[in-house]
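# Coordinate inspection notes
Okay, here's what each chain looks like letter by letter:
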Amino acid sequence: MIVGSEELYGETKDSLSRIQKFDAALLPRELELGSRLNFNDAVEPAQQLIDLYNRLSVTALQDFPDNILTPVRDNANNLFKLFSQILDFDPGQQDPNGIRNKFIKQVEGAYQPSFQALHPYISYSLHRSADFQRLDSEARSTLQSIEDKANNISENLSKHEENAKAALDEIRRVAAEEGVTKQAAHFNAEYEHHKAEADRWQGYAVKLAIGLGVFAVVSLFIHKIPFFNPENTYDAIQLSISKVLIFSVIAYMLFLSSKNFLNHKHNAIVNKHRQNALMTHTALVEASGDEGVRDAVLLQAANCIFSPQATGYTQAGESEASNQKSMIEILSRPIAQGVRDVNK
């Protein structure tokens, strides 16, 4: 709120601001006036005057009545007029050296009357600038604003933290699934290999079975062919032995092909089962909140993957006692932990 008239306040404010912003380095004009007529001697006292006026706050003018604003304005205008005369100094005029010296003396002598005129107002300006109650109020307001902004930032960070945590969990889940899928690919490759081998040996077995059947039918009538017709007992024995040997070899090859087909089919199924176990055990572990159940699921998955399986070439008589013992140990962990907690 302005105490004095608004028009006079505006004039005083402009005059004071003009002096405060004046650059004393413009006064010397050495390039134009040379070393004899320049105003280097006026720079220091002019800067002292400018510093004096800078101590009077423009904000304090709002509290001054008209009878105070008028001398402040007039003093500022007079000083600026003196600076303007130095800036407009013409070295070609009559007695330039005397006029130069007069201007310098006026600048040097302007400090004392300016100080006498302004020092009460400068004191008030400094007191107003150091209004501790106002500063405390502004500080409290600023602090509250900072706290509000900090709370908003904290809330935003909390929301972003939750989003980041959810994104991180999702990334970990996808990475885990990707890792499991990558490892399961090894079992899938074995499954494809054994499946292809099983199909190949199945083809051999079918062809040998057909060949064995054809040979069995042909052998019923082979003795009627003149070339193979036995003429005596020795030829009959030789023909019979040949039939038995050929039949045995074909039958053995049929048996071997069937055995290989069944073995590769068995191994294909085992590796497919291992792949499925590896792909599904993560979901089972995450679905359970009990540590013992998680260990049990993990043990079963590891047992399915790493335990030796029957190959089909040998008798499958392995004992599962060790696996059952491990299952009992794992399932008993939660009970033992609960007992220890109760004892504590």
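In what follows, the structure referred to is the one given above.
Residues numbered from 1 in each chain as written. Predicted model: local features only at pLDDT ≥ 70, side-chain atom pairs only at ≥ 80, totals over all residues. Heavy atoms only, no water.

### Quick word on the overall build of the chain
The helix and strand inventory of the chain stands at 11 helices and zero strands. The secondary structure elements of the chain, listed N-terminal to C-terminal, are α-α-α-α-α-α-α-α-α-α-α. When burial is assessed residue by residue, the chain has 28% of its 344 residues classed as buried. At a minimum sequence separation of 6, the contacts of the chain that also span at least 24 residues come to 80%. (Helix = DSSP H or I, 4+ residues; strand = E, 2+ residues; numbered from the N terminus. Buried < 20%, exposed > 50% of the residue type's maximum accessible area, 1.4 Å probe, protein only. Contact = heavy atoms within 4.5 Å.)

### Quick word on the packing of aromatic side chains
Within this structure, the stated rule accounts for five aromatic pairs. Arranged with centres 5.2 Å apart and planes meeting at 85°, the rings of Trp201 and Tyr204 form a pair that is edge-to-face. Within this pair, Trp201 and its partner Tyr204 are both found in helix H7 (residues 132–221), separated by three residues, close to a single helical turn. The exposure class of Trp201 is buried, given its relative accessible area of 18%. The class of Tyr204 is partly exposed, set by a relative accessible area of 35%. Note that Arg18 overlies the ring of Phe80, its terminal NZ or CZ placed 4.1 Å from the centroid. (Phe/Tyr/Trp six-rings, centres within 6.5 Å; stacked < 30°, edge-to-face > 60°. Lys NZ or Arg CZ within 6 Å of the ring centre and 35° of its normal.)

### Side note on the side chain of Arg29
Topologically, Arg29 is positioned in the loop between helix H1 (6–20) and helix H2 (30–37). In this structure the side chain of Arg29 is engaged in a polar contact, spanning 2.9 Å, whose partner is the backbone oxygen of Leu87. With residues up to four places along the chain from it excluded, the contact list for Arg29 reads Gly34, Asn38, Ile86, Leu87, Asp88 and Phe89. (Polar contact = N/O pair within 3.5 Å; in protein donor to acceptor, adjacent residues only side chain to side chain.)

### So, helix H3 (residues 43–54)
Its 12 residues give H3 an end-to-end C-alpha distance of 16 Å, which sits within 8% of 16 Å, the value for a rise of 1.5 Å per residue. Looking only at H3, the buried set comprises Pro45, Ala46, Leu49, Ile50, Leu52 and Tyr53. For H3, the arc enclosing every buried residue in end-on projection is 155°, short of the 170-degree limit, so these residues lie on one face. (Expected span 1.5 Å × (residues − 1). Arc of directions from axis to C-beta.)

### Focus: H1
Its 15 residues place the ends of H1 21 Å apart at the C-alpha level, agreeing with the 21 Å of an ideal helix rising 1.5 Å per residue. Here H1 has its buried residues at Leu8, Tyr9, Thr12, Ser15, Leu16, Ser17, Ile19 and Gln20.

### Quick look at a nonpolar patch on the surface
Taken together, the side chains of Val249, Tyr252, Met253, Phe255 and Leu256 present a nonpolar region at the surface, about 490 Å² in accessible area. Tracing the sequence through the fold places Leu256 in helix H8 (residues 233–287). Given a relative accessible area of 31%, Leu256 falls into the partly exposed group. (Patch = residues over 30% accessible without salt bridge, like charges linked within 9 Å, V, L, I, M, F, W, Y side chains within 5 Å. Areas by Shrake-Rupley, 256 points an atom, 1.4 Å probe, with all protein chains shown as cover. Salt bridge = Lys/Arg side-chain N within 4 Å of Asp/Glu carboxyl O.)

### Overview of the nonpolar core
Ranked by size, the top nonpolar core spans 37 residues in total, and within it Phe39, Leu56, Phe64 and Phe83 carry the most contacts. Those elements that place two or more of their residues in this core are H1, H2, H3, helix H4 (66–87), helix H5 (96–109) and helix H6 (111–129). Ranked by residues supplied to this core, first place goes to H4 with eight residues. (Core = buried A, V, L, I, M, F, W, Y, C linked by side-chain atoms within 4.5 Å.)

### Some thoughts on the pattern of salt bridges
Pairing between side chains becomes possible if they bear opposite charge and their charged atoms approach one another. All chains considered together, the criterion is met by five salt bridges. A salt bridge links Asp41 to Arg100; the shortest N-O distance between them is 3.6 Å. Of this pair, Asp41 sits in the loop between H2 and H3 while Arg100 sits in helix H5, placing them 59 residues apart in sequence. In this structure Asp41 comes out as partly exposed when scored by relative accessible area, which is 48%. What makes Arg100 buried here is its relative accessible area of 9%. Residue Glu197 pairs with Arg200 through a salt bridge whose shortest N-O separation is 2.6 Å. On the criterion of helical spacing, the pair formed by Glu197 and Arg200 is a turn pair, its members being three residues apart in helix H7. When salt bridges with common partners are traced through the structure, they connect Glu11, Arg73 and Asp74 into a single cluster.

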